[in-house]
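The lines below spell out each chain.
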Amino acid sequence: MPLGLYISVPFCRTKCSYCNFASDVFSRSVHQTYINRICLSIEGAATVAEQIGGQFERSVDSVFLGGGTPTVLDISQLGRLFVTIGSTFEMRPNAEVTVECAPGTISSSVIEVFQRCGVNRVSLGVQSFVDREATAVGRLHKSATVMDDILRLRDAGIIDINIDLIAGLPHQTADSWKTSLDQAIACGVPHVSVYMLEVDEDSRLGRELIAGGTRYHAHFVPDEDMVADFYEEACERLNRAGIRQYEISNFCRDGSESRHNLKYWTGRAFHAICSGRRDRIRTVFNVGFAREICCGMPA
């Protein structure tokens, strides 16, 4: 059974207030250190698998570069990641190759790297098509930026595009949520992911909500019942538009399911090299096998 390969790139242009991922803003020198260690980890994957008693499978039919925002890397670093993956693993001819991108980070040179390295799927962290909501949580793009990115990706032959939306952002209302859903449907992308805002102590906005404060626009976050209504409306509207729900947070037009993410949800084999919360990369072989190794990231 071919593997899915996940590579985490935990770097961002800015840290969004709602984000509880192991990602942050670092200098470009740290980017290079991390890429050096990630590539060494990819090249040593077979050895690590043997050491922990796992079975190493070189055949790969899905690759997912997540984050963070992989497209904040220099194009030479992005290219090096793909070259290292290709020299270590045997890529299936029809492999799904996805890169997560923040709108506004997809330059012409990035698109050229995508074309050269076989990227055929892009996941855009839109979160909201309403500029006020996106700005309130630290997103740097405008709605027009998203539409421009989609058009340029399509012109480059990358039509398998996902957009992420978040229900429950500060200042979000029934009308503004309808606007985001309308735009998601109208732009014609084949895949939409809808997440409800997580409230926990691992994000600045979550901590402020728990404390009952007003920083990060926390006092403008919709209540839980309204967020649940937003989610139910998304399910109804997207399904009616032919973007059918196939997982709790994921919707697609016929045949456009995320083949990589389906591996997680159905318990299939995957291999992940991802950042931890301090100086670690976690290398995971299939489900249940893990080993942590130093990656040189700042604490």
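Residues numbered from 1 in each chain as written. Predicted model: local features only at pLDDT ≥ 70, side-chain atom pairs only at ≥ 80, totals over all residues. Heavy atoms only, no water.

### Some details on the overall build of the protein
Within the protein one finds ten helices and eleven strands. For 299 residues, the compact-globule estimate of 2.2 N^0.38 gives 19 Å, and the protein sits close to it at 19 Å. Taken along the three principal axes of its C-alpha coordinates, the protein extends 55 × 40 × 35 Å. In the protein, which comprises 299 residues, the share counted as buried stands at 52%. Across the protein, the fraction of contacts at a sequence separation of at least 24, relative to all contacts at a separation of at least 6, is 71%. Carbon and sulfur atoms provide 50% of the accessible area of the protein, an area that totals close to 13,300 Å². Computed over 30 positive and 36 negative side-chain charges, the separation of the two mean positions in the protein equals 5 Å. (Helix = DSSP H or I, 4+ residues; strand = E, 2+ residues; numbered from the N terminus. Rg over C-alpha atoms; globule rule 2.2 N^0.38 Å. Buried < 20%, exposed > 50% of the residue type's maximum accessible area, 1.4 Å probe, protein only. Contact = heavy atoms within 4.5 Å. Areas by Shrake-Rupley, 256 points an atom, 1.4 Å probe, with all protein chains shown as cover. Lys, Arg positive; Asp, Glu negative; His and termini not counted. Charge placed at Lys NZ, Arg CZ, Asp CG, Glu CD.)

### Thoughts on the confidence of the model for the protein
Here the protein averages 89 in pLDDT, and 91% of its residues register 70 or above. Low confidence marks residues 276-281, where pLDDT is under 50. Its contacts with residues over four positions away, or in another chain, come to 29 contacts. Low confidence marks residues 285-299, where pLDDT is under 50. Its contacts with residues over four positions away, or in another chain, come to 57 contacts. (pLDDT = per-residue confidence, 0-100.)

### Some thoughts on the nonpolar core
Core analysis: the largest hydrophobic core is formed by 60 residues, its most contacted members being Ile7, Leu65, Leu81, Val122, Leu124, Ile163 and Val192. Setting aside residues up to four positions removed in sequence, Leu65 forms contacts with Ile7, Pro70, Leu78, Leu81, Phe82, Ile85, Thr98, Val99 and Glu100. Among the nonpolar cores identified, the runner-up in size contains ten residues, and Cys19, Ile166, Leu197 and Ala218 belong to it. (Core = buried A, V, L, I, M, F, W, Y, C linked by side-chain atoms within 4.5 Å.)

### Let's talk about the packing of aromatic side chains
Throughout the structure, instances matching the rule amount to five aromatic pairs. Between Tyr6 and Phe64, the ring centres sit 6.0 Å apart and the planes meet at 25°, which makes this aromatic pair stacked. A residue pair is termed long-range when its members are at least 10 positions apart, and Tyr6 in strand 1 (residues 3-9) and Phe64 in strand 2 (residues 59-67) qualify at 58 residues. Each of the two residues, Tyr6 as well as Phe64, counts as buried. (Phe/Tyr/Trp six-rings, centres within 6.5 Å; stacked < 30°, edge-to-face > 60°.)

### Re the state of the cysteines
What the rule picks out here adds up to zero disulfides. Free of any disulfide, Cys39 has its nearest neighbouring cysteine sulfur in Cys117, separated by 12 Å. A residue is classified by how much of its surface remains accessible, and Cys39, at 1% relative accessible area, is buried. Just so you know, Cys187 is unpaired, no disulfide at all, and the nearest cysteine sulfur is the one on Cys252, 14 Å from it. Judged by relative accessible area, Cys187 falls into the buried class, the value being 6%. (Disulfide = S-S within 2.5 Å.)

### What to know about helix 3 (residues 75-88)
For helix 3, which comprises 14 residues, the first-to-last C-alpha distance of 20 Å matches the rise-based estimate of 20 Å (1.5 Å per residue) to within 8%. For helix 3, every residue scored as buried is listed here: Gln77, Leu78, Gly79, Leu81, Phe82, Thr84, Ile85 and Thr88. (Expected span 1.5 Å × (residues − 1).)

### A closer look at the pairing of strand 2
With respect to burial, strand 2 is a largely interior element, nine of its nine residues being buried. In this structure, strand 1 lies alongside strand 2, joined through seven bridges in parallel fashion. When the sheet's bridge partners are listed, Val9 is paired in strand 2 with Gly67. In the sheet, strand 2 pairs with strand 3 (residues 90-101) via six bridges, with the strands oriented parallel. Each residue of the ladder has a partner; that of Val63, found in strand 3, is Val97. (Pairing = 2+ DSSP bridges.)

### Notes on the pairing of strand 7 (residues 244-247)
Here strand 7 pairs with strand 8 (residues 250-252) via three bridges, running antiparallel. Within strand 8, the residue paired with Arg244 across the bridge is Cys252. Between strand 7 and strand 8, which follow one another and run antiparallel, lie two residues.

### A few points about the pattern of salt bridges
For the structure shown, the criterion picks out ten salt bridges. The closest approach of N and O atoms between Glu233 and Arg237, which form a salt bridge, is 3.9 Å. With a gap of four residues between them, Glu233 and Arg237 both fall in helix 9 (residues 224-240), about one helical turn apart. Judged by its relative accessible area of 26%, Glu233 is partly exposed. Taken together, the shared-partner salt bridges in this structure form one network comprising Lys178, Asp182, Glu233 and Arg237. (Salt bridge = Lys/Arg side-chain N within 4 Å of Asp/Glu carboxyl O.)

### Some words on helix 1 (residues 28-43)
Every α-helix carries 3.6 residues per turn, so stepping three or four residues along brings you back to the same face. Helix length check: helix 1, at 16 residues, gives a terminal C-alpha distance of 23 Å against a target of 22 Å (1.5 Å per residue), a fit within 8%. Taken together, the buried positions of helix 1 are Val30, His31, Tyr34, Ile35, Ile38, Cys39, Ser41 and Ile42. Considered in projection along helix 1, the buried side chains sweep an arc of 165° and stay on one side of the axis. Helix 1 presents Ser29 and Leu40 as exposed residues on the side facing more than 90 degrees away from its buried surface. (Arc of directions from axis to C-beta.)

### Quick look at the environment of Thr214
With respect to the element layout, Thr214 can be found in the loop between helix 8 (204-211) and helix 9. C-alpha of Thr214 to C-alpha of Met91: the two residues are 123 residues apart in sequence and 49 Å apart in space. Apart from residues no more than four positions distant in its own chain, Thr214 is found in contact with Glu208 and His219.

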